[in-house]
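Okay, here's what each chain looks like letter by letter:
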Amino acid sequence: QVQLVESGGGLVQPGGSLRLSCAASGFTFSSYRMAWYRQAPGKERELVARISSSGALKIYSDSVKGRFTISRDSGKNTVYLQMNSLKPEDTAVYYCNGWPPETFGSWGQGTQVTVSS
């Protein structure tokens, strides 16, 4: 019953920006830690950023720190990932889920982010 629907990806040039959204349903959104993950071609899925249930604590991977911002809107049951100063190595399919990811039994389809000139 848990549903996670990612959107906002696309093709951008290096240095550009994108804002990803994750619409959540089927659970009490405000009670759960949430996170963004990504998986590049031929690579393992990796944690990008996570946010506490209250939104007060935000943790980022070293590769995106200072460039990405995770946030959440409890009224909209939505998690966001603002991505600035994008680099080609950010190219991946981006997913949202709980933290830890085993919190929920499924993943959404993700949204493709391609950074290329």
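Predicted model, so just to flag it, every value in this text is computed and none were measured.

Undergrad: Quick rundown of the pairing of strand 7 (residues 68-73)? Include the residues and the values.
TA: Here strand 7 shows a buried face lined by Phe68, Ile70 and Arg72 and an unburied face lined by Thr69, Ser71 and Asp73. Sheet topology places strand 7 next to strand 8 (residues 78-83); six bridges connect them, and they run antiparallel. Counterpart to Phe68 in the pairing with strand 8 is Met83.

Undergrad: How would you explain unusual backbone geometry if you had to name every residue and give the values?
TA: Put simply, Trp99 and Pro100 share a cis peptide bond, and its omega is -5 degrees. Topologically, Pro100 is positioned in the loop between strand 9 (92-98) and strand 10 (111-115). One non-glycine residue, Asn77, adopts positive backbone phi at about 50 degrees.

Undergrad: How would you explain the environment of Met83 if you had to name every residue and give the values?
TA: When you line up the elements, Met83 lands in strand 8. Given a relative accessible area of 0%, Met83 falls into the buried group. Placed 29 residues apart in sequence, Met83 and Gln112 show a C-alpha to C-alpha distance of 13 Å. Once residues lying within four places of it in the same chain are set aside, the contact partners of Met83 are Gly16, Ser17, Leu18, Leu20, Arg67, Phe68, Tyr94 and Val113.

Calculation notes
Residues numbered from 1 in each chain as written. Predicted model: local features only at pLDDT ≥ 70, side-chain atom pairs only at ≥ 80, totals over all residues. Heavy atoms only, no water. Buried < 20%, exposed > 50% of the residue type's maximum accessible area, 1.4 Å probe, protein only. Helix = DSSP H or I, 4+ residues; strand = E, 2+ residues; numbered from the N terminus. Pairing = 2+ DSSP bridges. Contact = heavy atoms within 4.5 Å.

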